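Below are the chains, spelled out letter by letter.
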Amino acid sequence: MQTELEELAAINRGADGSCCRLALTDADRRGRDLVVSWMRNAELDVNIDRIGNIIGTRAGTQSGPPVMTGSHIDTVATGGRYDGAYGVVAGIEVVRALNARKVLTKRPLAVVVFTNEEGVRFAPDMMGSLVYAGGLLLEDALQAVSEDGAVLGEELARIGYAGSKRCGEIRPHAFVELHIEQGPVLDRANEVLAVVQDLQGISWQEVNIRGVSNHAGTTPMNLRHDAAYGAGMVTVFVRKLAQRMGGSQVATIGSVRLVPNLVNVIAREAKLTVDLRNSDDAALSAAEQELEAFLVEIADAEGLIIETKRLVRTQPVRFDDRILETIEQVAAKLGHGEIRRMTSGAGHDAQMMARICPAAMIFVPSVNGISHNPKEFTLPRHLEDGANVLLHAMKRIANE
Ligand code: HGY
Ligand code: MN
Ligand code: MN
């Protein structure tokens, strides 16, 4: 697995060691080509569907819905080498291990690479799995436009991954995703594995604030309509909102773009993104409503025009109890004792697959809880432990 993870990480590697394989760029294509070659070497039958999902299948002794695993290989622009890639590489490793031992399973197995999980170039995130699960029309996904004006369907064709298979044609018997935790819980508790029982709701909005450009030196403070000040007020508001709400509420202003973005010009425009998450859907809706009321308030107070555009809204997801128990039993049998059940703060393709089949996830630790960052790291033995649990869980589910 380390070799494959290194090969993927070497594609378009940043000076700081970060991985940058934005969805449907040439770097993503190079990663896809690598994974397809690994799948074929593992004797998987590879199909590409119409949103570019890559599905490698392994026959069982019986036909029928496969037990599926997999994740994504697209990254954020400053990504680490494990986010997504680990689940794909481990899934292929599971197949290789079964091949080496000439072990057949009753049900077929499948390893999938979902298109555009990160959603940072084309919204929404988890796009490929959302289309696969029927939560987003293929036509709408193909028409998604990126900040740099690229159209998703055209990019998919340009990199040669506009497949012909109908999205979701292979309806899995079950879906198990292996992923790094991307947070501090396991690392701080000095634990090796967790089974993910649920996943937060996610709300992404774009907030466009329009004011009036003017001279930084001559414009009296009480006559300003300063879009940058509006952006700053929103940034402070969402932080205080999350602190006030407590629980699992988190809030992030990840992107702020000012226009004209010049030292001596009052900004006429600020485009920012707001990421709100909570494992309680009612609380997440309340947070969205509080933000909406605040935007009306500052628009009036500062003489700004503020418009919002929804990018993503997903409900919290509870994974399947039977799959959770299988993962727990397998982990115990492999000597890990009773492993922790936890909530995922990050979005994952498994949350979309849970719409169409029993699904769950396995986490391994992220050192210092760091992710979406080139310092993302997981110990090799933890990677192995996770892959072993995946192997035995898939075998058990495939033979039940
Ligand atoms: O945003 C997320 O949680 C995921 O990394 N796409
Ligand atoms: Mn991921
Ligand atoms: Mn990610």
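What counts and how
Residues numbered from 1 in each chain as written. Chains lettered and ligands numbered in written order. Predicted model: local features only at pLDDT ≥ 70, side-chain atom pairs only at ≥ 80, totals over all residues. Heavy atoms only, no water. Donors = N, O, S within 2.8 Å, 3.2 Å for Na, K, Ca; no water. Helix = DSSP H or I, 4+ residues; strand = E, 2+ residues; numbered from the N terminus. Buried < 20%, exposed > 50% of the residue type's maximum accessible area, 1.4 Å probe, protein only. Pairing = 2+ DSSP bridges. Right-handed = clockwise from strand over helix to strand, strands pointing away. Axes fitted to C-alpha atoms, helices over the stretch in contact; angles between N-to-C directions. Left-handed = near helix turned anticlockwise from the far one by under 90°. Contact = heavy atoms within 4.5 Å. Nonpolar A, V, L, I, M, F, W, Y, C, P; charged D, E, K, R; others polar. Near = heavy atom within 4 Å. Polar contact = N/O pair within 3.5 Å; in protein donor to acceptor, adjacent residues only side chain to side chain. Areas by Shrake-Rupley, 256 points an atom, 1.4 Å probe, with all protein chains shown as cover. Phe/Tyr/Trp six-rings, centres within 6.5 Å; stacked < 30°, edge-to-face > 60°. Lys NZ or Arg CZ within 6 Å of the ring centre and 35° of its normal. Parallel < 35°, antiparallel > 145°, perpendicular 65-115°, else oblique.

(A) Representation of the coordination of the manganese ion (ligand 2) in the model. Surrounding the manganese ion (ligand 2) are the protein donor atoms His72 (NE2), Asp83 (OD) and His179 (NE2), which sit 2.1 to 2.3 Å from the metal. Linear spacing of the donor residues for the manganese ion (ligand 2) on their chain is H-x10-D-x95-H. A separation of 3.6 Å is found between the manganese ion (ligand 2) and the manganese ion (ligand 3), which share Asp83 as a coordinating residue. Residue Asp83 is found in the loop between β3 (67-72) and α3 (85-100), and its partner His179 is found in strand β5 (residues 174-180); the two are separated by 96 residues along the sequence.

(B) How the structure looks around the coordination of the manganese ion (ligand 3). Only Asp83 (OD), Glu118 (OE), Glu118 (OE) and His372 (NE2) from the protein coordinate the manganese ion (ligand 3), and they sit 2.1 to 2.7 Å from it. The motif formed by the donor residues of the manganese ion (ligand 3), counted along the single chain, is D-x34-E-x253-H. Under the relative-accessibility criterion, Asp83 is labelled buried at 5%. Residue class for His372 comes out partly exposed when judged on its relative accessible area of 38%.

(C) Broad picture of the pairing of strand β4 (residues 109-114). Most of β4 is tucked away, with 6 of its 6 residues classed as buried. Judged by which residues are buried, β4 turns out to be covered on both faces: Leu109, Val111 and Val113 on one side and Ala110, Val112 and Phe114 on the other are all buried. Bridge count between strand β2 (residues 54-58) and β4: 5 bridges; the pairing is antiparallel. Bridge pairing in β4 places Ile54 opposite Val113. Crossover handedness for the path β3 to α3 to β4: right-handed.

(D) How the structure looks around the environment of Leu137. Topologically, Leu137 is positioned in the loop between α4 (127-132) and α5 (138-142). Classification of Leu137 by relative accessible area gives exposed; the value is 55%. Taking the C-alpha atoms as reference points, Leu137 and Asp148, separated by 11 residues in sequence, lie 23 Å from one another.

(E) Representation of the packing of helix α1 (residues 2-9) against α3 in the model. The contact between α1 and α3 brings their axes to 10 Å, and the two run at 145°. Handedness of the crossing formed by α1 with α3: right-handed. Facing Glu4, Leu5 and Leu8 of α1, the residues of α3 in contact are Ala85, Tyr86, Val89 and Arg96. Split into classes, the residues belonging to the contact of α1 with α3 amount to 5 nonpolar, no polar and 2 charged.

(F) Region of the structure containing the site of ligand 1. In the vicinity of ligand 1, the contacting residues are Glu117, Glu118, Asp125, Trp204, Arg277, Ala346, Gly347 and His372. Arg277 places a polar side-chain atom, nitrogen or oxygen, 2.7 Å from an oxygen atom of ligand 1. Protein chains shield 94% of the accessible area of ligand 1, which is 210 Å² for the free molecule. Taken together, the residues that form the shell around ligand 1 break down as 2 nonpolar, 2 polar and 4 charged.

(G) Examining the side chain of Arg21 more closely. Here Arg21 is to be found in the loop between α1 and α2 (26-41). When near neighbours in sequence (up to four residues on either side) are disregarded, Arg21 contacts Leu8, Ala9, Ile11, Ala27, Asp28, Ile73, Asp74, Thr75, Val76 and Ala85.

(H) Structural view of the packing of aromatic side chains. Under the defined criterion, the tally for this structure stands at 4 aromatic pairs. Judged by centre distance (5.9 Å) and plane angle (80°), the ring pair of Phe114 and Tyr132 falls under edge-to-face. Separated by 18 residues along the polypeptide, Phe114 in strand β4 and Tyr132 in helix α4 bring together distant segments of the chain. Each ring, one from Phe237 and one from Phe294, has its centre 4.1 Å from the other, and the planes form 5°; the classification is stacked. Residue Phe237 is located in helix α8 (residues 227-245), and its partner Phe294 is located in helix α9 (residues 281-302); the two are separated by 57 residues in the primary sequence. Each member of the pair, Phe237 together with Phe294, is buried. Three or more aromatic residues joined by ring pairs make a cluster, and in this case those are Phe114, Tyr132 and Phe175. The residue whose ring lies beneath Arg32 is Tyr161, and the NZ or CZ to ring-centre distance is 4.9 Å.

(I) Spatial organisation of the packing of helix α10 (residues 321-336) against helix α12 (residues 380-399). For the pair α10 and α12, the least separation of the axes is 9 Å and the interaxial angle reads 125°. Overall, the two elements α10 and α12 adopt an arrangement that is oblique. Of the two possible hands of crossing, α10 and α12 adopt the one that is right-handed. Contacts from Ile323, Thr326, Ile327, Gln329, Val330, Ala331, Lys333, Leu334 and His336 in α10 reach Asp385, Asn388, Val389, His392, Ala393, Arg396 and Ile397 in α12. Taken together, the residues that form the contact of α10 with α12 break down as 8 nonpolar, 5 polar and 3 charged.

(J) Broad picture of the pairing of strand β9 (residues 269-278). With respect to burial, β9 is a largely interior element, 7 of its 10 residues being buried. In this structure, strand β7 (residues 201-210) lies alongside β9, joined through 10 bridges in antiparallel fashion. The partner of Glu206 across the bridge, within β9, is Thr273. Pairing analysis gives 9 bridges linking strand β8 (residues 250-259) to β9, with the strands arranged antiparallel. Residue pairing in the sheet places Val259 in a bridge with Glu269 of β9.

Keep in mind that these numbers describe shape and distance, not what the molecule does.
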